[in-house]
Amino acid sequence: MLKIKSYVKVKSLAEAYELNQKKTARIIGGMVWMKMGNRAVSTAIDLSGLGLDTIMENDEEFVIGCMTSLRDLETNEALDTYTHGAMKESLCHIVGVQFRNCATVGGSIYGRFGFSDVLTMFLGMDTWVELYNAGKIPLTEFVNRKKDNDILVNIIVRKQPLRVCYMSQRNTKTDFPVLTCTASLINGCPRTVIGARPARAMVVEDTQGLLSGFDTMNREEKIQAIHGFAEYAAKSVPVSGNMRASQEYRSLLVQVLTRRAWETVGGVSDEN
């Protein structure tokens, strides 16, 4: 059971940051995950009065407030166009519309949950987080930082030439994912992200350069590179088993989803 001693709807980020320095204080967003745990919260800090529930776009970036709902991300036409439908695909399987109307992107990113479709998707783009105290840092750095009492204010997606594909495997339609995968070319640079391992999402380092120069390859070269990288990813991505899937099944999924996602990005899948 979640027990809250006091509730404060803050009037500024400075007030929120000061209150959040207490170990038993918590920033509250949509409350969809927090309410499911057993914990005592001395002060629940509500950011809903600070106007952080918007998606702003300019020529260089998208700035997404931490209180923006997953449903707003899912239905945003500009993000859908920029990601070629991948953003919507990463969100539409999360429980249901009512849930996505409550859950916030800030909670999904700051929580760095192992099952997070959202984290896997944003890691596949040139994404930065804006923290109240630490400032702006790349999401690829933030994902591995130790949790502290800072406040996530905005998620910033820098506009780069992007080709991206998001895929996930689920045992049932609205269940937690068994495995998630994003494949992307960010200004020509390949990036692969695997999540729900069941640990938090990670960027797969292409240490062998198997996808180097991917954009300049012909169809046969792309297919060969994709198959080689998918096998490499299956061997190098740490996975484990839980109630949803065994370690062996997840390892197989790494190879299959990586191959399929890159075939889509490269335009060499059977559907192309």
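What comes next concerns the included structure. (Residues numbered from 1 in each chain as written. Predicted model: local features only at pLDDT ≥ 70, side-chain atom pairs only at ≥ 80, totals over all residues. Heavy atoms only, no water.)

### Details of the packing of aromatic side chains
Move 1: Counted according to the given criterion, the structure contains seven aromatic pairs.
Move 2: In textbook terms, an aromatic cluster arises when at least three aromatic residues are bridged by ring pairs, as seen for Phe113, Phe115 and Phe176.
Move 3: One Lys or Arg, Lys222, reaches over the ring of Phe214 and ends 5.4 Å from the middle of that ring. (Phe/Tyr/Trp six-rings, centres within 6.5 Å; stacked < 30°, edge-to-face > 60°. Lys NZ or Arg CZ within 6 Å of the ring centre and 35° of its normal.)

### Description of the sheet that holds strand S1 (residues 2-9)
Move 1: On the basis of which strands lie adjacent, the open sheet formed by three strands has the order S1-S3-S2 and parallel pairing. Where the open sheet ends on each side, the last strands, each with one partner, are S1 and strand S2 (25-28). The average undirected angle you get between the axes of adjacent strands in this sheet is 35 degrees.
Move 2: Where S2 lies against strand S3 (residues 39-46), four bridges are found, and the strand directions are parallel. Looking at the pairing, Arg26 lines up with Ala44 of S3. (Pairing = 2+ DSSP bridges. Helix = DSSP H or I, 4+ residues; strand = E, 2+ residues; numbered from the N terminus. Axes fitted to C-alpha atoms, helices over the stretch in contact; angles between N-to-C directions.)

### Considerations on the pairing of strand S6 (residues 127-131)
Move 1: The element S6 is extensively covered by neighbouring structure, given that four of its five residues are classed as buried.
Move 2: Two elements, S6 and strand S8 (residues 152-158), share five bridges in a ladder whose sense is antiparallel. Within the sheet, the bridge partner assigned to Thr127 lies in S8 and is Val157.
Move 3: Alignment of S6 against strand S7 (residues 135-138), held across four bridges, turns out to be antiparallel. Counterpart to Trp128 in the pairing with S7 is Pro138.
Move 4: Hairpin connection between S6 and S7: a loop of three residues separates the two successive antiparallel strands. (Buried < 20%, exposed > 50% of the residue type's maximum accessible area, 1.4 Å probe, protein only.)

These figures come from the coordinates and say nothing about function on their own.
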